[in-house]
Amino acid sequence: RAPPVSSSSPQTTGESVESRMDTEREMNKAPRVKLMVEFMMEMYRVQGGATGKEMEETMARIADLGKEGLAEAWLFLAMCYHFGVGGVTRDDKKAFEMYKKAADGGHANGMVSAGLCYYEGEGVEQSFEKAFELFKKAADAGHAKGMVIAGVCYAKGEGVEQSFEKAFELYLKA
């Protein structure tokens with residue numbers, strides 16, 4: 001015998017389990033979407049030529065978005081410091097710190113950029129091993145540039161034991 005159907009089950013509301021799951025997924029995206037919209041507005045202010053106090057406030061708001069978990073905000077700030085744009089002076093150490101925060105937040109471009117900082121010793125002590133770890137993490141996330149650079153590390157034996165086979169595999173994936 002079939003179990004009794006509760007009044008909130010999908011069979012009585014006409015809503016499928018899949019539909020409910022889709023709705024829950026969309027609701028969970030809402031806070032991220034809100035953060036992205038705020039981020040886009042702040043980026044527009046930076047690119048629109050905000051100056052002085054307005055620029056300082058805008059950059060502070062972008063950093064706050066990073067603190068709320070938006071890795072894209074850290075990546076944007078890192079690039080501003082890396083290239084000395086957005087009302088900030090070029091600062092390789094700050095750029096690295098923010099690339100690393102973007103990487104720690106799961107952003108593959110942040111992983112590659114922080115890895116390049118380690119590789120070149122820009123803003124951080126040079127470490128081929130730490131660079132490779134980040135390139136490989138980006139590669140594992142499906143990032144083509146991460147695959148190519150991790151492949152180069154394998155081919156040269158920089159930060160990892162040399163392996164032409166692994167290098168070739170990554171080049172093919174990219």
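Everything discussed here concerns the structure shown above.
Notes on the structure in this doc start here. These numbers were taken from a predicted model, which means no experiment stands behind them. (Residues numbered from 1 in each chain as written. Predicted model: local features only at pLDDT ≥ 70, side-chain atom pairs only at ≥ 80, totals over all residues. Heavy atoms only, no water.)

## With respect to the nonpolar core
Ranked by internal contacts, the top residues of the largest apolar core, which has 48 residues, are Phe-39, Met-59, Ile-62, Phe-76, Leu-77, Tyr-99 and Phe-135. The set of elements that each furnish at least two residues to this core consists of α2 (17-47), α3 (52-67), α4 (71-83), α5 (92-104), α6 (108-120), α7 (128-140), α8 (144-156) and α9 (164-173). For this core, the element with the most residues is α4, which contributes 8 residues. Those residues in contact with Ile-62 that lie beyond four places of it in its chain are Phe-39, Glu-42, Met-43, Val-46, Ala-73, Phe-76 and Leu-77. (Core = buried A, V, L, I, M, F, W, Y, C linked by side-chain atoms within 4.5 Å. Buried < 20%, exposed > 50% of the residue type's maximum accessible area, 1.4 Å probe, protein only. Helix = DSSP H or I, 4+ residues; strand = E, 2+ residues; numbered from the N terminus. Contact = heavy atoms within 4.5 Å.)

## Notes on the packing of α4 against α5
Packing of α4 against α5 leaves a shortest axis separation of 8 Å and a crossing angle of 160°. As the angle between them shows, α4 and α5 are arranged roughly antiparallel. Crossing geometry of α4 relative to α5 is assigned as left-handed. Residue-level contacts link Ala-71, Trp-74, Leu-75, Leu-77, Ala-78, Met-79, Tyr-81 and His-82 of α4 to Asp-92, Lys-94, Ala-95, Met-98, Tyr-99, Lys-101 and Ala-102 of α5. Here the residues of the contact of α4 with α5 sort into 11 nonpolar, 1 polar and 3 charged. (Axes fitted to C-alpha atoms, helices over the stretch in contact; angles between N-to-C directions. Parallel < 35°, antiparallel > 145°, perpendicular 65-115°, else oblique. Left-handed = near helix turned anticlockwise from the far one by under 90°. Nonpolar A, V, L, I, M, F, W, Y, C, P; charged D, E, K, R; others polar.)

## Here we look at the packing of aromatic side chains
Tallied over the full model, the rule gives 5 aromatic pairs. Relative to Tyr-118, the ring of Phe-96 has its centre 5.0 Å away and its plane inclined at 75°; by these criteria the two rings are edge-to-face. Of this pair, Phe-96 sits in helix α5 while Tyr-118 sits in helix α6, placing them 22 residues apart in sequence. With relative accessibility at 9%, the residue Phe-96 sits in the buried group. Judged by centre distance (6.4 Å) and plane angle (50°), the rings of Tyr-119 and Phe-135 are tilted. You can see Tyr-119 sitting in helix α6 and its partner Phe-135 sitting in helix α7, a full 16 residues away along the chain. For Tyr-119, a relative accessible area of 17% corresponds to the buried category. (Phe/Tyr/Trp six-rings, centres within 6.5 Å; stacked < 30°, edge-to-face > 60°.)

The values reported here are purely geometric and, on their own, carry no functional implication.
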